[in-house]
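# Residue-level structure breakdown
The lines below spell out each chain.
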Amino acid sequence: MSTKHPIIAVTGSSGAGTTTVKHTFEAIFHRENVNAAIVEGDSFHRYTREEMTKLIEEAERAGQRGISHFGPEANLVEELEALFRAYGKSATGRHRSYIHDAERAARTGLPMGSFSGWEDLPVGTDCLFYEGLHGALVTDKVDVARHVDLLIGVAPTINLEWIQKLHRDTRERGYSPEAVQDTILRRMYDYVHYIVPQFSRTHINFQRVPVVDTSNPFIAREVPTLDESMVVIRFKDPRGVDFPYLLRMIHDAFMSRANSIVIPGGKLDLAMQLILTPLIWKLMERRREAI
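This structure is a prediction, so every number in the text was calculated from the model and none was measured. (Residues numbered from 1 in each chain as written. Predicted model: local features only at pLDDT ≥ 70, side-chain atom pairs only at ≥ 80, totals over all residues. Heavy atoms only, no water.)

## Examining the overall build of the protein chain
Across its full length, the protein chain holds 9 helices and 10 strands. Counting only C-alpha atoms, the protein chain reaches 55 × 50 × 40 Å along its principal axes. With 291 residues in all, the protein chain has 50% of them scored as buried. Look at the contacts in the protein chain between residues 6 or more apart in sequence, and 73% of them connect residues 24 or more apart. Accessible area of the protein chain: about 14500 Å², with a carbon and sulfur share of 52%. Side-chain charges in the protein chain split into 35 positive and 38 negative, and the spacing between the mean points of these groups amounts to 4 Å. (Helix = DSSP H or I, 4+ residues; strand = E, 2+ residues; numbered from the N terminus. Buried < 20%, exposed > 50% of the residue type's maximum accessible area, 1.4 Å probe, protein only. Contact = heavy atoms within 4.5 Å. Areas by Shrake-Rupley, 256 points an atom, 1.4 Å probe, with all protein chains shown as cover. Lys, Arg positive; Asp, Glu negative; His and termini not counted. Charge placed at Lys NZ, Arg CZ, Asp CG, Glu CD.)

Put into structure tokens, the structure is as follows:
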């Protein structure tokens, strides 16, 4: 961790809703005049979409489970840790972009599922912000989590996560429902061993729990809305958290444990603003004092 060059990471699986949390952070950065270097976790995938498909098909023909983006084999996790280490020391590092969709492909002139070239981070940023799969990853080779000053976990209930992934990948990325189901099954080992353990290392977890029937996520016609959900917010260390203030400010919120507050889903953005803004203030204050 670094007081002079702070790192913030939002971690969660594909379809968990980390992008929504990223947008809230971007709004806070804009409002508070914080110049953040933003890095997408997908840019640290090891293989292009075409290469990944080929590797999976070869493994399955051999009767083996194909690799998944959840596991370290399919990602440049050593390079990710190197970026965090370099930024913490000197606000430097190298990054690239992953070409997710047709809009980005048209803008860059690169094919979907490929990467831009590596380049240096902008000079003079106030913090590094990462959003992706492995912000709190620890393996026998890397410890990404130890470099992060503020770790946020986004972990909806599993059926909701699958519904969100199914709808995003079929509607926005053109995959068939069968292909998405195959992906969910193939990556389950990596999900259990590499994604889930991260949520024990995060400082704050946001877990959305639908209050409508999601018992068969594979036939759900719509993603449950925020108003059809509650959100459990768990603090690893509740000391210093002003729970009475949060309960006053967030209508219908209640405490479920000494370190957990439950809020209506429609109040998620408000809750994140109330909780995260003071934490960013503290990071920026510590940074100014260290310079």
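## What to know about the UniProt feature "domain: Phosphoribulokinase/uridine kinase" (unreviewed entry) in the protein chain
Within this numbering scheme, the UniProt entry marks residues 7–215 as carrying the feature "domain: Phosphoribulokinase/uridine kinase" (unreviewed entry). Within residues 7–215, the helical portion is 38% and the strand portion 15%, while the C-alpha atoms at the span's ends are 38 Å from each other. (UniProt positions renumbered as here; feature names shortened; annotations may be inferred.)

## A word on the packing of helix α1 (residues 18–31) against helix α9 (residues 268–290)
Here α1 crosses α9 at 50°, and the two axes come no closer than 10 Å. In terms of orientation, α1 lies oblique with respect to α9. Crossing hand, α1 versus α9: right-handed. Across from Val21, Thr24, Phe25, Ala27, Ile28, Phe29 and Arg31 in α1, the residues of α9 making contact are Asp269, Met272, Gln273, Leu276, Thr277 and Ile280. Considered class by class, the residues forming the contact of α1 with α9 number 8 nonpolar, 3 polar and 2 charged. (Axes fitted to C-alpha atoms, helices over the stretch in contact; angles between N-to-C directions. Parallel < 35°, antiparallel > 145°, perpendicular 65-115°, else oblique. Left-handed = near helix turned anticlockwise from the far one by under 90°. Nonpolar A, V, L, I, M, F, W, Y, C, P; charged D, E, K, R; others polar.)

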